[in-house]
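Close look at the chain arrangement
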Amino acid sequence: MKVKVLSRNPDDYVRETKYDIQRVPRNYDPALNPFEVPREYTRAMNATKLERVLAKPFLASLDGHRDAVNCMAKHSTSLSTLLSGACDGEVKVWNLTKHNCVRTIQAHEGFVRGMVVRFCGTSFYSIGDDKTIKQWNMEAPGYGVEEEPINTILGKTVFTGLDHHQKNGTFATCGQTVDIWDEQRSTPIRSFSWGVESFSSVRFNPVETELLASCASDRSIVLYDMRESMPLKKVIMTMRSNTLSWNPMEAYYFTCANEDYNLYTYDMRYLEKPVTVHMDHVSAVLDVDYSPTGREFVSASFDKSIRIFPKEKRNSREVYHTKRMQHVVCVKWSADNKYVMSGSDEMNIRLWKANAAEKLGVLSHREKLAANYNQKLKEKFQYHPKVKRIARHRHLPKHIFTEAKEHTVMREARRRKESNVRKHSKPGAVPMLSEREKHVVAVVK
Amino acid sequence: MAKILKKNKVSTKGTKKTLNKNTGTEKTPEKSSSAKRRERKRKSAGKLKGTLKTTKKPPIEKLDLDNVDEDELLNEGEEIIPSEDEGGSDDDRKHQKLLEAISALGGKKKRRLAERSEATIQISEFSVDAKGEGEKINLSDLIQTIAKTPAVSAQTKSHLKKLKLEEKTVDSPLTKPETERIQRNVAFQKSSEEVSRWQSIVKQNLKAEQLVFPLNQEAPGPKPLEQVVCGWKARTPLEQEIFRLLSVNKQPINDPMLTPIEEESLKAMSLEDAKIRRAELQKARALQSYYEAKARRERSIKSKKYHKVQNKAKRKEFVKTFDEMLKSDPVSALEELQKLELGRMKERMSLKHQNSGKWAKSKAIMAKYDDGARKAMQQQLEVNKDLTQKLATTLSDEEGEDDGETSEPDMLPDFVNEVEPGQDPANPWMRGQLSKDPVDLTEPSVPETAAAVLISEDEEEGPEETEEEGLLRGFAERRKQRQEQEAENEAAKNQDMEVMTEENKAGAEKAVASHDAADADIADDDEEEEELSKFTNLFQELKDSRMEAEASAMVAEVSEPECAQLQQAMFRIKSLEDMDLLDQEEQADPAEPNAEAPQPAPLESKGADKKRKRKRGIDLAEVLTKEATVIHVPLAPTAVEGAEGAAHGQEEQRDVIKEAFAGDDVISDFLKDKRREEEAGRPKVVDLTLPGWGEWGGQGLQPSKKKRRRFRLKTAPPPPRKDGGLASVIISEKRDSSVSMHQVGALPHPFLLPEQFEVTMRAPVGATWNTRQAVKKITMPKIVTKVGAIIQPMSRDDLLKHSRKQEEEGTAGEPKKRKAPQRKRSQKRHKKTKN
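Let's talk about the overall build of chain B
When its secondary structure is counted, chain B shows 40 helices and four strands. Going through the 835 residues of chain B one by one, you find that 25% of them count as buried. Counting only contacts in chain B whose residues sit at least 6 apart along the sequence, the fraction spanning at least 24 positions is 65%. When the accessible surface of chain B is split by element, carbon and sulfur atoms take 56% of a total near 59,100 Å².

Set out below in structure tokens:
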């Protein structure tokens, strides 16, 4: 016979530690707990304020380079390793947890233009202005042994960009053409050109690993398939794109950093107009990198700041800057979605938190619950003017502030002029163009 | 033909000039002047025609072939010399000659030259054509002649026709850029298609309530040993021998835990699937055991009564399903009906259950003293009645329903009929039933004939018979009431009601059953009577409740004119006072909008109140015809009425509007509202006087005037209302600037209605108002990342998993069967993508 006994879970009434408050069974009757909205509003307000108080994104500055940092590479298997290449041809390997340089290689003569770590993490490639592609071992050589590349490929022209395939032993470079290389060969297995003489960057699609995209100097972005002999398509924009980054979770989206201060997210299937135009920078955007979750991306700009954009939002959610940071040339989002690394002209690499107010380290259960609750409250009351004002407020350096103001004025003037022109011309002669349509000149098939 | 051939040959031989006259194409290189050529052509044409006309016999197919052959022949045999240019200068000619001379030196070169110098290039075609149009021989000319000759087969004709139609040249190959563009397009289409496969997974991730990165994490827990130790190999001879044996017997070697079959089954069923499957099996087992136990229990029940009730219920169920079946599957329903009918016939024929057998007779003797025996006999009769009852289909029901009088007894339980079988033949209520039921008809005669049965019945019904008169009176009274109501309701009766009556019947029957059960124990007459009265009460209650339900249904449908009529009939005016009341209401109605103070109604009962309400609903038409009281207000919409000489259509429009707003006086309502608003905005005098402070207090003592004046606070008058000068506007002055700072100005983006937004705002999320679990669920973050875990980009495996999952969801009905082919398919796709 089954005897049913009253039983309770001790977790419901036993406290975790003796410092915890006593657990008391509660009565959730709304009549006994009135004013829920005002009380939560106050809590939301406090949470928002606290968030701003605790927003200290800057973690560390890694110094050691003797020239401007030109490129960076994430390690594919180790979170704590970062590689950086400077304009004097020096490559440094950093330990991010210890904030120190582990290894220094004089890799190239002139700029180090690009670096990429092989998917297995055992070696990395670098390209430079000396027209060479060099493969290096990730392991530092023994004491007293000279640093020597595993492989060196001497190219005919200067290489400007480099990326490695996600799973195969193939990599792509760009310069005057976009070349696909097999690791075992010293000549490219395929090279694409389409009436353009120079490319600034090339990136493999991390999801559909056979696809590539490159930014060309004729203001175009060209798509390729490694398996085809022809490029696929290109879109020509009003200004040149510097780099692009594929969304690692959504195979068909990529974002490009443009010279016209904006970033454009494209769906590669519909290049006629970008999905979103991200506009907040006040100078040319030099680099962009997606977060590994594919929900946000970080952009580095010539205006000495880096910004974090949600992928579907027009405006940035965060801007990072310091007094000493100069033009930011390269930026990376760490593979655990927690940090952002930026390399800038004044020879420093900076480490930032991806969420400015997030508490790092291990959180206790109650801390976690509180953080979640606060986050939810902020979300819930985000439309309330007071909360919104506090949550949106960011300090900006003067030059960015004034320039941003200037840009709004300019935009407004342009808009007004356009509307005036429209007013005084034949109806239909000056069509209304959305912001997304304005920046695409043509799509070439 | 021969002539032509000859001629050609001659010409080639003689003049070294070729003339390809037969074909009529432009190949013929001209050597002489155009005149000459024309002449010759004409000649040849004439000849050709002649020959063709005269000799109609020769097979044309051959001719064609000949032509071709000839051409070839000619081409082979001819030594073509480039013709002189007619209009060309001397130099040119000389040059040509020189070239000829040179070409004559080497045999091979000649030919090439000949090919190069086509006549058409050098001779202007236009001059030739302009004059020699008629003479030129075309293929079509030849074909025309062919059409005339009957010897030509239809097939050839059709071939020729086709040839004629298909005068197409092969397209020149596309230019390089064009081909490249096409190639690019194709490649792009392919890759964009490939990329589109991710769309579903991307969308799913976007919609997901929570995403935990890294996405494809392995399940925590111990891994199988063989996965951990994978580098192990058999080295010693013994080990090797063992492994050989294992491999021979198809036993696992590297994987000592699982055999290949097990492995396969593991692969076929993921952990989740296995869990689901196990749960299903558990459930099935539990259900099975439950049903088994139930069946066992039921089987072991000895009570006949229970089984009887069960059988009855089954029968009822069957009847219920039978009605449905009648609609869905009439054929089988008919069969069932026939079966039932047959059963009924048999029952009627046989003497079974008639209490005429040996057993019954013995029981009849016992019945006098034994309650059980009496019961048993009664049951027998009941069974008989049940079996011989005609099955009432819906059709017959409807017929019966048509005349209220006959249908009425249906609402009463059988029990009632049994109680007073023919005791009061004058009672029409009884009569209806009697006339319907043949058994009942016979029954009254039974007690007269068979004394024993009568006795038993007397024993059974005795107590009731003693009280019968009273009961009957009660029944009659109730029936009267019901009849009155019924008369009112008659028109409103419909199918729904039928259902309800049936339900009531069922309920009543249940009550009867319970009553019977109770009866078996109770011998006391009085108690029985009580029970009976209880039953009747219950029955009446049920009926009343039904009536009420009907009434409420009526109220709901007041707006419909038919119902309005019905309602008028439903509630009878019982007294003159009621009439007066109604009149008053009608008179009061038009005055209502104006009258601020309501007229004191003289002693209105609740029912009267209800009536008035209904009356108002009914009298809508009457109200509509009435003129609304016109209040003259500047800028009010009634000003429209002032427009004179309006067109007919406008008038109509106005009438419509008037009619629409006839009942409710919008303007006065608005004015009232506005006055109320103004009233509310006016500062109120606050009296803060506390009696007893500073002076004597107590019963009957008022605070002094001075004090009252002192403690009456008058707030400053508010600023003048914004809508003070505007007659037709109310501007709310409620907005408080100190609060509005904290209020959301405009509806935020994802929300479509203010209500939605308000609802989301109103629901608290904190632990103060919600349980722990609820809070956990509500505050769950959308994206969770593990500390120190590298989040890899999405891989094709994820896509495969996703698509497989989707497929499984699509075919949830039979997951096991399709599992294997699915896997194959996905593997295939995988291969494709790899390629």
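A short note on the environment of Val 444 of chain A
Residue and element names in this part refer to chain A. Checked against the element boundaries, Val 444 lands in strand 29 (residues 440–444). According to the relative accessible area criterion, Val 444 is partly exposed, its value standing at 25%. Linking Val 444 and Lys 234, residues 210 residues apart in sequence, is a C-alpha distance of 5.2 Å. Excluding residues within four positions of it along the chain, Val 444 makes contact with Trp 194, Lys 233, Lys 234 and Ile 236.

Section: the environment of Gly 161 of chain A
Residue and element names in this part refer to chain A. Within the secondary structure, Gly 161 is located in strand 10 (residues 161–164). Taking C-alpha positions, Gly 161 is 9.7 Å from Cys 215, a pair spaced 54 residues apart along the chain. Ignoring anything within four residues of it in the chain, the contact list for Gly 161 reads Ile 127, Ala 172, Thr 173, Cys 174, Ser 200 and Val 202.

Describing the pairing of strand 24 (residues 306–310) of chain A
Residue and element names in this part refer to chain A. Counting buried residues along strand 24, five of its five residues qualify, which places the element largely inside the surrounding structure. Neither face of strand 24 is open: one carries Ile 306, Ile 308 and Pro 310, the other Arg 307 and Phe 309, and all of them are buried. Bridge analysis of strand 23 (residues 296–301) against strand 24 gives five bridges, and the strand direction is antiparallel. If you follow Ala 300 over to strand 24, its bridge partner there is Ile 306. Turn length for the strand 23-strand 24 hairpin, with the two strands adjacent in sequence and antiparallel, is four residues, and the turn residue Lys 304 shows positive phi of about 65 degrees.

Regarding the pattern of salt bridges
Residues and elements named next belong to chain A. A complete count under the given rule lists 41 salt bridges over all chains for this structure. Among the ionic pairs, Asp 218 bridges to Lys 234, the shortest N-O distance being 3.7 Å. Pair noted here: Asp 218 is in the loop between strand 15 (211–216) and strand 16 (220–225) and Lys 234 is in strand 17 (residues 231–237), with a separation of 16 residues, a long-range link. For Lys 234, a relative accessible area of 6% puts it in the buried group.

Let's talk about the sheet that holds strand 24 of chain A
Pairing between the strands of a sheet is mediated by backbone hydrogen bonds and can be parallel or antiparallel. All names here are of chain A. Ordered by their spatial adjacency, four strands build an open sheet running 22-23-24-25, and the pairing between neighbours is antiparallel. Looking at the sheet topology across the chains shown, the edges are occupied by strand 22 (285–290) and strand 25 (318–320). Each neighbouring strand pair of the sheet contributes to a mean axis angle of 20 degrees, computed without reference to strand direction. Sheet analysis places strand 24 next to strand 25, joined by three bridges and oriented antiparallel.

A word on the packing of aromatic side chains
The relation between two aromatic rings is expressed through the spacing of the ring centres and the mutual angle of the planes. Following the criterion strictly, the structure yields 17 aromatic pairs over all chains and no others. Ring geometry for Tyr 383 of chain A versus Phe 751 of chain B: centroids 6.1 Å apart, planes at 80 degrees, classification edge-to-face. One end of the pair, Tyr 383 of chain A, is in the loop between helix 2 (365–380) and helix 3 (385–392); the other, Phe 751 of chain B, is in the loop between helix 36 (737–740) and helix 37 (754–762), on a second chain. The exposure class assigned to Tyr 383 of chain A is partly exposed, which follows from its relative accessible area of 22%. By relative accessible area, which is 18% here, Phe 751 of chain B ends up buried. Judged by centre distance (6.0 Å) and plane angle (70 degrees), the rings of Tyr 383 of chain A and Phe 757 of chain B are edge-to-face. Taken together, the residues span two chains, with Tyr 383 of chain A in the loop between helix 2 and helix 3 and Phe 757 of chain B in helix 37. A relative accessible area of 9% places Phe 757 of chain B in the buried class. By the ring-pair criterion, three or more aromatic residues cluster together here, those being Tyr 125, Phe 159, Phe 171 and Trp 181 of chain A. Here Lys 234 of chain A stacks its cationic end above the ring of Trp 194 of chain A, 4.8 Å away from the centre of that ring. The ring of Tyr 252 of chain A has Arg 269 of chain A sitting right over it, with the charged end atom 3.9 Å from the ring centre.

Some remarks on the interface of chain A and chain B
Between chain A and chain B, the contact holds 60 residues from the first and 61 residues from the second. Of the roughly 5,400 Å² buried at the junction of chain A and chain B (both faces included), carbon and sulfur atoms supply 61%. Counting the surface chain A buries against chain B, the share from its top three residues, Met 249, Arg 295 and Tyr 383 of chain A, is 12%. Taken together, the links from chain A to chain B amount to five salt bridges. At the surface where chain A touches chain B, the tally comes to 22 residue pairs in polar contact (both at pLDDT 80 or more). Where the side of chain A that touches chain B is concerned, the elements lending two or more residues are helix 1 (36–54), strand 16, strand 17, helix 2 and helix 3 of chain A. Looking at the side of chain A that touches chain B residue by residue, the class counts come to 26 nonpolar, 11 polar and 23 charged.

Examining the nonpolar core
Counting 35 residues, the largest nonpolar core has Ile 221, Leu 223, Leu 244, Phe 254, Tyr 266 and Met 268 of chain A together with Trp 198 of chain B as the members making the most contacts within it. Setting aside anything within four residues of it in sequence, one finds Leu 244 of chain A in contact with Ser 201, Arg 203, Ala 213, Ser 214, Cys 215, Ile 221, Phe 254, Thr 255, Cys 256 and Val 288 of chain A. Counting residues in each nonpolar core, the second largest holds 15 residues, with Cys 174, Val 196, Leu 212 and Val 222 of chain A among its members.

Digging into a negative patch on the surface
All names here are of chain B. Taken together, Glu 651, Glu 652, Asp 655 and Glu 659 make up a surface patch of like negative charges. Mapped onto the elements, Glu 659 comes out in helix 33 (residues 648–660). Exposure remark for Glu 659: the relative accessible area of 48% places this residue in the partly exposed category.

Notes on unusual backbone geometry
The linkage connecting Phe 213 of chain B with the following residue, Pro 214 of chain B, adopts the cis geometry, with an omega of -5 degrees. Along the chain, the position of Pro 214 of chain B falls in the loop between strand 1 (211–213) and helix 12 (225–228). Although it is not a glycine, Arg 219 of chain A adopts a positive phi angle of roughly 70 degrees. Here Arg 219 of chain A is to be found in the loop between strand 15 and strand 16. A relative accessible area of 35% means that Arg 219 of chain A is categorised as partly exposed. Positive phi is not limited to glycine here, since Tyr 261 of chain A has a value of about 75 degrees. In this structure, Tyr 261 of chain A sits in the loop between strand 19 (253–258) and strand 20 (262–267). Accessibility expressed as a relative area gives 29% for Tyr 261 of chain A, which makes it partly exposed.

Conventions used here
- Residues numbered from 1 in each chain as written.
- Chains lettered and ligands numbered in written order.
- Predicted model: local features only at pLDDT ≥ 70, side-chain atom pairs only at ≥ 80, totals over all residues.
- Heavy atoms only, no water.
- Helix = DSSP H or I, 4+ residues; strand = E, 2+ residues; numbered from the N terminus.
- Buried < 20%, exposed > 50% of the residue type's maximum accessible area, 1.4 Å probe, protein only.
- Contact = heavy atoms within 4.5 Å.
- Areas by Shrake-Rupley, 256 points an atom, 1.4 Å probe, with all protein chains shown as cover.
- Pairing = 2+ DSSP bridges.
- Salt bridge = Lys/Arg side-chain N within 4 Å of Asp/Glu carboxyl O.
- Axes fitted to C-alpha atoms, helices over the stretch in contact; angles between N-to-C directions.
- Phe/Tyr/Trp six-rings, centres within 6.5 Å; stacked < 30°, edge-to-face > 60°.
- Lys NZ or Arg CZ within 6 Å of the ring centre and 35° of its normal.
- Buried area = accessible area lost by both parts, 1.4 Å probe.
- Polar contact = N/O pair within 3.5 Å; in protein donor to acceptor, adjacent residues only side chain to side chain.
- Nonpolar A, V, L, I, M, F, W, Y, C, P; charged D, E, K, R; others polar.
- Core = buried A, V, L, I, M, F, W, Y, C linked by side-chain atoms within 4.5 Å.
- Patch = residues over 30% accessible without salt bridge, like charges linked within 9 Å, V, L, I, M, F, W, Y side chains within 5 Å.
- Lys, Arg positive; Asp, Glu negative; His and termini not counted.
- Charge placed at Lys NZ, Arg CZ, Asp CG, Glu CD.

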